[in-house]
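# Structural features, examined
Residues per chain are reported as follows:
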Amino acid sequence: MNGSAHAEDMTDLLVVGGGVNGCGIARDAAGRGLSVTLAEMKDLGWATSSSSTKLFHGGLRYLEFFEFRLVREALEERETLLRAMPHISWPLRFVLPLHEGMRFDSETPASRLLSRLMPWMKGRRPSWMIRLGLFLYDHMGGRRILPATRSVDLRTDPAGAPLKPELTKAYEYSDCWVEDSRLVALNARDAAARGAEILTRTRVVSAEREDGGWTVTLDDAETGVRFTRRARMVVNAAGPWVAEVLRGALHSDSPAGVRLVRGSHVVTRRLFDHDRCYFFQGSDGRIIFAIPYETDFTLIGTTDAEHADPAEPPVCTEAERDYLLDFASRWFARPVTPEDVVWTYSGVRPLYDDGAKSATAATRDYVLHLDGTVGAPALNVFGGKITTYRRLAESALERICAALGADAGPWTAGAPLPGGDFPVDGVDALVAHLRERRPFLTERWARRLVRAYGTDAEAILGEAREAAGLGRDFGATLTEAEVTWLMDREWARSAEDVLWRRSKLGLRLSADEAEALDAWMAARRRDEAHAAE
Ligand SMILES: Cc1cc2nc3c(=O)[nH]c(=O)nc-3n(C[C@H](O)[C@H](O)[C@H](O)COP(=O)(O)OP(=O)(O)OC[C@H]3O[C@@H](n4cnc5c(N)ncnc54)[C@H](O)[C@@H]3O)c2cc1C
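Note that the structure is predicted; figures quoted are calculated from it, not measured. (Residues numbered from 1 in each chain as written. Predicted model: local features only at pLDDT ≥ 70, side-chain atom pairs only at ≥ 80, totals over all residues. Heavy atoms only, no water.)

When helices and strands are tallied, the chain shows 14 helices and 20 strands. At 23 Å, the chain has a C-alpha radius of gyration in line with the 24 Å of a compact globule built from 533 residues. Scored against the burial criterion, the 533 residues of the chain give a buried share of 59%. For the chain, the share of sequence-separated contacts (at least 6 apart) that also reach a separation of at least 24 residues comes to 71%. Total accessible area computed for the chain in this model is approximately 21,400 Å², and 52% of it derives from carbon and sulfur atoms. Where the 68 positive side-chain charges of the chain centre and where its 78 negative ones centre are 6 Å apart. (Helix = DSSP H or I, 4+ residues; strand = E, 2+ residues; numbered from the N terminus. Rg over C-alpha atoms; globule rule 2.2 N^0.38 Å. Buried < 20%, exposed > 50% of the residue type's maximum accessible area, 1.4 Å probe, protein only. Contact = heavy atoms within 4.5 Å. Areas by Shrake-Rupley, 256 points an atom, 1.4 Å probe, with all protein chains shown as cover. Lys, Arg positive; Asp, Glu negative; His and termini not counted. Charge placed at Lys NZ, Arg CZ, Asp CG, Glu CD.)

And the structure:
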């Protein structure tokens, strides 16, 4: 069915929120022929969806909470996603060193079961149980591309070199990386290519049920202009703000809520020189990752801290930073110190409030609430993970299509995201091809472009046969050609959008370079506005 079948000014769906869930739902809906408007109050993915650990993972840890449905769905999904986006996602191996100090979170069902059966373990996490978990992890989700778990002798394997010498044995298992904020932008691009209207810097202020539909009032943050849109259905994918939108803009008295759990990461100078990651287990039942990041850095995270108010910007506190550094220093031979830290970031998980006692134990599963009892329906999205965003969108569309009487089926499982139409092992070939015709491109520069844009890198570089052909050089291989692409195709408006969400070149540009980029982008937008008058 098509939205144009309805009144001219009535869109089928108005999606509140341009994070991974809102953009994933908008893409799926547009591909099924529904007319869609998505409103994001700031930049796409600026909130939780750019501050994750950036893993497509089953969540090994969730096995201890007996979250089998979530883990199986996420495991099955890893390879589907990897195939659809081999530029922004890639396989990773995780080295999990074994140590007798490893302990369970005492609240996990697995821990409670073990203390009943083997009380002498006193909360310790035995290595056979880890092996059992990894066996399930390997077999629950139908692996084809990703290699299986293996044992590692840390005394001889290079993965042991940066670790404390008393660590001798580890397991190594597979999961995948994903560039989270690029995932959001590419879903929005694909949605737009299929007809969706994507409005950024546009806040949904209120929505009223009128004449069998919604009248939604929106606020353009840049001009201050308020305007309305009519929609048959509203999807509330506002992440940490879902309850606020539900009870405020949508005037619902539903008691459903989210529990906000802050997670912080630190980025340090590179701590080891191989391409595998570490999965470190703590004596407090928690785990952290140390992951090779942006070639020259290491990413360490994350924490779990209650966060009261979504309006309060999450930041990595000194206590969280020290917690992560101390945790990592228990495993690395050389202590990781505040001097190693080059950047920190923090995000808020909008977890469905299932009454769990601890932040670590709260469910990571998603829950969809359809509020369709009076007049026009609304679908509210609670929780979820980056890994399950496509499946969440499919479940949401099942509910949406039923509510709107549309009969289009799922389609996203085999469909590549923009630039992702090449084989999973095709990155090297794309890099070589880009460089063949453009000898000025360094290996590192070409690889960065392929990892960000896949087959679209070719279009960004165009016919340029020398660097000058790409226009102004903003530093760290960021050129005018790339910035123009991001402004015209990916809704980038400011230097921050480009440097911290469409790329991570913020780690490399100086403050002066970032300022010059911002000024150039503002001037370009002014010129365009004048030309349009
Ligand atoms: C520290 C941390 C680590 C994580 N690691 C992983 C991981 O490794 N793997 C994984 O699978 N998942 C991970 N997650 C979970 C994952 O990041 C989130 O589940 C996911 O990003 C949530 O996306 P969302 O679209 O629901 O929310 P968001 O990305 O927060 O998007 C909601 C959007 O709604 C917008 N909005 C709100 N109100 C309005 C309004 N009134 N009008 C217009 N727009 C509005 C906001 O501006 C925001 O952009 C992690 C989360 C955290 C915090």
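The next point concerns the environment of Pro-418. Within the secondary structure, Pro-418 sits in the loop between helix H8 (389–404) and helix H9 (427–437). Given a relative accessible area of 13%, Pro-418 falls into the buried group. Note: C-alpha distance between Pro-418 and His-139 (279 residues apart in sequence) is 31 Å. Sequence-distant contacts of Pro-418, defined by excluding residues within four places in its chain, comprise His-87, Leu-186, Arg-189, Asp-190 and Asp-456.

Attention now goes to the nonpolar core. Grouped together as the largest cluster of nonpolar side chains are 47 residues, with contacts concentrated most on Leu-13, Ile-25, Val-36, Met-85, Leu-183, Val-235 and Ile-400. Here this core gets 8 residues from one element, more than from any other, and that element is H8. When sequence neighbours within four positions are dropped, the list of residues in contact with Val-36 reads Thr-11, Leu-13, Val-15, Ala-26, Ala-29, Ala-30, Ala-196 and Glu-197. Judged by nonpolar contacts, the second largest core, of 32 residues, contains Val-431, Leu-449, Leu-478 and Met-521. (Core = buried A, V, L, I, M, F, W, Y, C linked by side-chain atoms within 4.5 Å.)

Time to look at the pattern of salt bridges. If charged atoms from side chains of opposite charge come close, those side chains can pair. Applying the stated criterion across every chain yields a total of 53 salt bridges. In this structure, the salt-bridge partner of Glu-73 is Arg-391, at a minimum N-O distance of 3.7 Å. Within this pair, whereas Glu-73 is found in helix H2 (residues 68–84), its partner Arg-391 is found in helix H8, the two being separated by 318 residues in sequence. Two residues, Glu-458 and Arg-438, come together in a salt bridge whose shortest N-O distance is 2.7 Å. On the criterion of sequence distance, the pair formed by Glu-458 in helix H11 (residues 457–461) and Arg-438 in the loop between H9 and helix H10 (443–453) is long-range, its members being 20 residues apart. Assessed through its relative accessible area of 24%, Glu-458 is described here as partly exposed. On the basis of relative accessible area, Arg-438 is assigned to the buried category, the value being 0%. Salt bridges sharing common partners tie together Asp-43, Arg-182, Arg-201, Glu-222, Glu-490, Arg-493, Glu-496, Asp-497, Arg-501, Arg-502 and Arg-525. (Salt bridge = Lys/Arg side-chain N within 4 Å of Asp/Glu carboxyl O.)

Before going further, it helps to examine helix H14 (residues 511–532). Between its first and last C-alpha, H14 extends 32 Å over 22 residues, near the 32 Å set by a 1.5 Å rise per residue. Of all the residues in H14, the buried ones are Leu-517, Trp-520, Met-521 and Arg-524. All buried residues of H14 project into a common sector of 95 degrees when viewed along the axis, lining one side. Turned more than 90 degrees from where H14 packs its buried face, Ala-511, Asp-512, Glu-515 and His-530 sit exposed. On the buried face of H14, the contacting elements are strand S19 (473–475), strand S20 (478–479), helix H12 (480–489) and helix H13 (495–502). (Expected span 1.5 Å × (residues − 1). Arc of directions from axis to C-beta.)

Here we come to the side chain of Thr-149. Tracing the backbone through its elements, the reader meets Thr-149 in the loop between helix H4 (127–140) and strand S5 (150–153). Given a relative accessible area of 11%, Thr-149 falls into the buried group.

We now examine the state of the cysteines. In the structure shown here, the tally under the stated rule is 0 disulfides. Here Cys-23 is not cross-linked by a disulfide; its sulfur's nearest cysteine counterpart is in Cys-401, at 18 Å. (Disulfide = S-S within 2.5 Å.)

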